[in-house]
Amino acid sequence: MQKQVVFDQYSALAGNAELIDRLFRPLLARRMREKLAASEQGTDGQSIDLAREHFAVYVPADAPASGKFGLLVWISSFDPAGIPKIWLPVLDKHAMIVVTAADSGNAANVYSRRVPLAMLGYTNVTKAYPVDPARTYVGGLSGGSRVALRVALAFPDVFHGALLNAGSDSFGSAALPPPKPDLFRQFEEGTRLVYATGSRDEENLARDGHSRESARDLCITDLHTEEMRGRGHDWIDAATLDRALTDLSAPPTVDAGLAACRERRTREIDTQLHDIEALLAAGKKPEAEDRLQHLDERYGGLAAPRSVELEDKL
């Protein structure tokens, strides 16, 4: 266990431009780029000064037979950078490194701190240790779990699974719009989500249910659930962590109905775009604008660039 670790390697993955393109729905991303371009920070800058940041890192003593560790980037709901001691035997069993940032709790800004800190933790660990890209995951607790879900959706070319401990959001919402098509395809085909919530945490069990339902509606099907029996709103326990890491490391599965689901989704997007164009042609600008904003939240990058072109006509 290493505490108070200071990293020094930056990455374009944590830069303002990259985060805007990946995390924000297209119409909002346009406004964010304009806002940053007018500021001193600029779209090419980074919001994190690594010299001021601290991380906790756990590295198992023994490397796996493959010579490459797994990696779990953890986003906590608390500010102290901590890794529960009860996890350590499980992390050793799975040869899993964990990295988590300090001052990245629920009070921290999601986009200027929590997400870039997670990406910088990933960058520095993968530069320092041999890590298996196929066993590279992001996870979190409560509000940190919700951020981890955003990260997994935005960076499916980096993370191949997400461990959602007592927190999730619905896909196709303002909080979780789909990214551009190439990234979303990678997410559909190569990212597994494991939900792990206490059986007494009724509020978040309900959120998990809505999250899974909305995922399937957008053709995301590689979903697993690990119940924590008798637990409330709490850290994932060692036994459930063991099962969750086993779930995450299993070969990815692609639903047999994925092609048909994608065709249905494309038809829905085309229909809604056509309806908005008809509203504009009829001079119903306020209604068209409202429908376009809803479309941008629901389908995000999947509706671009036509959604952006429609906004230019408003």
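Here the residue index of a chain counts from 1 through its sequence in written order. Reporting in this predicted model follows two pLDDT cut-offs: at least 70 for local features of residues, and 80 or more for side-chain atom pairs to be given and counted; totals over whole chains, interfaces and linings ignore these cut-offs and use all residues. Each side-chain value is derived from all of the structure's non-hydrogen atoms; neither hydrogens nor water enter the calculation.

Considering the side chain of Glu 226
Part 1 of the reasoning: Numbering of helices and strands runs from the N terminus; a helix is a DSSP stretch of H or I covering at least four residues, while a strand is a stretch of E covering at least two. Summarising the element assignment, Glu 226 is placed in the loop between β8 (223-225) and α8 (238-249).
Part 2 of the reasoning: Under the relative-accessibility criterion, Glu 226 is labelled buried at 13%. Only protein chains enter the calculation, and the probe is 1.4 Å; a residue is then buried if its accessible area is under 20% of its type maximum, exposed if over 50%, and partly exposed in between.

Re the packing of helix α9 (residues 258-281) against helix α11 (residues 306-313)
For any two helices packed against each other, one specifies the inter-axial angle together with the distance between the axes.
Part 1 of the reasoning: Axis definition: a line fitted to C-alpha atoms, limited for helices to the stretch in contact. Angles are taken between N-to-C directions and run from 0 to 180 degrees. Running from N to C, α9 and α11 point in directions that differ by 10 degrees, and their axes come no closer than 11 Å. Considered as vectors, α9 and α11 are oriented roughly parallel to each other. Side by side, α9 and α11 meet where Asp 270, Leu 273, Ile 276, Glu 277 and Leu 280 of the first sit next to Arg 306, Ser 307, Leu 310 and Lys 313 of the second.
Part 2 of the reasoning: In terms of residue class, the contact of α9 with α11 is made up of four nonpolar, one polar and four charged. Should an angle lie under 35 degrees it is considered roughly parallel, over 145 roughly antiparallel, and from 65 to 115 roughly perpendicular; all remaining angles are considered oblique. Note on definitions: a residue-residue contact is assigned when non-hydrogen atoms from the two residues lie within 4.5 Å. For this scheme, ten residues count as nonpolar: Ala, Val, Leu, Ile, Met, Phe, Trp, Tyr, Cys and Pro. Four count as charged, namely Asp, Glu, Lys and Arg, and the remainder, Gly too, count as polar.

Notes on the packing of helix α2 (residues 26-37) against helix α10 (residues 285-299)
Part 1 of the reasoning: One way to put it is that α2 packs onto α10 with a least axis distance of 8 Å and a crossing angle of 95 degrees. Overall, the two elements α2 and α10 adopt an arrangement that is roughly perpendicular. Contacts between α2 and α10 involve Pro 26, Leu 27, Leu 28 and Arg 31 from the former and Leu 292, Gln 293 and Asp 296 from the latter.

Some words on the packing of aromatic side chains
Part 1 of the reasoning: Stacked, edge-to-face and tilted labels apply to pairs of Phe, Tyr and Trp rings (six-membered ring for Trp) whose centres lie within 6.5 Å, assigned for plane angles under 30 degrees, over 60, and everything in between, in that order. One pass over the full model with this rule turns up nine aromatic pairs.
Part 2 of the reasoning: Aromatic pair Phe 24 and Tyr 111: ring centres 4.7 Å apart, planes at 40 degrees, arrangement tilted. Here Phe 24 is found in the loop between α1 (16-23) and α2, whereas its partner Tyr 111 is found in helix α4 (residues 110-128), with 87 residues between them in sequence.
Part 3 of the reasoning: Through successive ring pairs, a cluster of aromatic residues spans Trp 74, Phe 78, Trp 87 and Trp 235.
Part 4 of the reasoning: The ring of Tyr 195 has Arg 212 lying over it, and the distance from NZ or CZ to the ring centre is 5.0 Å. In this analysis the charged atom, NZ for Lys or CZ for Arg, is taken to sit over a ring once it is within 6 Å of the ring centre and within 35 degrees of the ring normal.

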